[in-house]
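Chain by chain, the residues:
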Amino acid sequence: GELRFDKSAPDMDALKRMTAKLARRGPDGSGFWSDGPVAFGHRRLAIIDLSERSRQPMVDASIGLSLVFNGTIYNYPELRHELIGRGHVFFSDGDTEVILRAYAEWGESCVERLHGMFAFALWDGARLFLARDRLGIKPLYFARTDRFFRFASNPQALLAAGDIDTALDPVALHHQFMLHASVPAPFTILKGIRKLEQGTTLAIDAAGRTAEKRYWTLAAQRPAVAMSEAEWTEAIHAALRVAVKKRIEIADVKVGVLLSGGLDSSLLVALLAEQGVPDLMTFSVGFEDQPEERGSEFEYSDPVAAMYHTRHHKYLIPNAEVLRRLPEAVEAMSEPMFAQDAVAFYLLAEQVSQTVKVVQSGQGADEVFGGYFWYPRMAAETQGSPLERFRRHYFDRDYPELMDLIAPDYQ
């Protein structure tokens, strides 16, 4: 989308170039809408309410609201029921309109009621309101000049619109090479592009006045009453059971699982099988073996698929194909990544998308459950402040090495 500050009409040609960059993310439809200083564009991946009633941008002239939205609201049936009880009348059956009605009912505080992964932008006739989910699962990038404010689901779309400062951001560059290629919001590697922080909303009007608000912060604390190991195990089991169930039940399309055969993805398959999900589809990728490393994960994924009787799909990708497709995979990255499995995910997703639109995966489990090797090292460390313990076991390199790596202009 675009909001103009200079009293000119939105650049619809730029908006079309932006949405063209999102075509692979949203192959099921496209739409555009404009009103005065603001314009929206959307590419749709139809997951909930596959009908045209849920197409975007979603506009309701009767209440003066327009919306573009990426993600899934897991508690939308409950919110919809509550809003109907408050007198709202719906014209669609999906979660997109629930956001529209929730904003009409509760204003900007509606985000506090949304459970799910989301990034959306809403125009109420006076202000553009943007929001991102609590953990930042869904991306939301933006660029601002004295003439306009633009936003999109990835930087490639913003770059396609033009007028972006593409110089490297020195702060982001330091994060890139110190924090496992993770650049925390609001920074990106480019000076001219920023990303909305997780759990945050941003309101901006045509005069350029902005108001940013953090609506959620993780309360990282132990329970008031100590729990035994058995109680923790049952509590985690119950929470995971609910998590996988709501992601299966909410979609109007088939949902599969990316199965590597590791602990995280195998647990997902077991949880879904435990709940009696019929015709469970699993997907694995394998590469050619090298003298120093096994390339295929099939020896781990095959027994899990056999144990739970899944409809298993295996894709063996020759190494020559990986090298040939590497530039394409890099071009598709929203931000630079170091991990080689990013290429594997790209090639696997290409194959999986021919069978299903939605998959669950174990991504993020090592962060939540402390699975990486540096967590026990941090926990065992007794010297220094929490920050020093973190730096000692997490940073990729020390500062002198970073200075040797980075050109003087960015130090």
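A brief structural summary. This is a predicted model, so every value here is computed, not measured.

The next thing to look at is the sheet that holds strand β8 (residues 141-144). Taking strand neighbours across the sheet as the criterion, the 6 strands line up as β2-β3-β1-β9-β8-β10 in an open arrangement whose pairing is antiparallel. Of all strands in the sheet, those bounded by a partner on one side alone are β2 (30-35) and β10 (194-195). Relative to strand β3 (residues 38-43), β2 runs antiparallel, the two being bridged by 6 bridges. Its bridge partner being in β3, Ser34 is matched across the sheet by Ala39.

A full pass over the atoms with the stated rule returns 31 salt bridges. Across the pair Asp28 and Lys357 runs a salt bridge, and its minimum N-O distance is 2.6 Å. Taken as a pair, Asp28 in the loop between α1 (12-20) and β2 and Lys357 in the loop between α10 (341-352) and β16 (358-360) lie far apart in primary sequence, 329 residues in all. Given the relative accessible area of 38%, Lys357 is considered partly exposed. Three or more residues are tied together by salt bridges with common partners; here these are Arg24, Glu321, Arg324, Arg325, Glu328 and Glu350.

Turning to unusual backbone geometry, a few remarks are in order. Between Gln56 and the following residue, Pro57, the backbone shows a cis peptide bond with an omega angle of -5 degrees. Here Pro57 lies in the loop between β3 and β4 (58-60). Omega for the bond connecting Ala185 with Pro186 falls within 30 degrees of zero, at 15 degrees, which places this linkage in the cis form. Within the secondary structure layout, Pro186 lies in the loop between α5 (170-178) and β10. Residues other than glycine seldom take positive phi values, yet Asp163 does so here, at roughly 60 degrees. Along the chain, Asp163 turns up in the loop between α4 (155-161) and α5. You will see that Ala181, though not glycine, has its phi angle at about 65 degrees, which is positive. With respect to the element layout, Ala181 can be found in the loop between α5 and β10. Overall, Ala181 belongs to the buried group, its relative accessible area being 16%.

The end-to-end C-alpha distance of helix α7 (residues 263-274), which contains 12 residues, comes to 16 Å, matching closely the 16 Å that a straight helix rising 1.5 Å per residue would cover. Within α7, burial applies to Ser265, Ser266, Leu268, Val269, Ala270, Leu271 and Leu272. The inward-facing, buried residues of α7 contact α6 (229-249), β13 (255-258), β14 (281-287), α8 (298-307) and β16. Following α7 by one or two positions, Gly276 adopts a phi angle in the positive range, close to 75 degrees.

The rules behind these values
Residues numbered from 1 in each chain as written. Predicted model: local features only at pLDDT ≥ 70, side-chain atom pairs only at ≥ 80, totals over all residues. Heavy atoms only, no water. Pairing = 2+ DSSP bridges. Helix = DSSP H or I, 4+ residues; strand = E, 2+ residues; numbered from the N terminus. Salt bridge = Lys/Arg side-chain N within 4 Å of Asp/Glu carboxyl O. Buried < 20%, exposed > 50% of the residue type's maximum accessible area, 1.4 Å probe, protein only. Expected span 1.5 Å × (residues − 1). Contact = heavy atoms within 4.5 Å.

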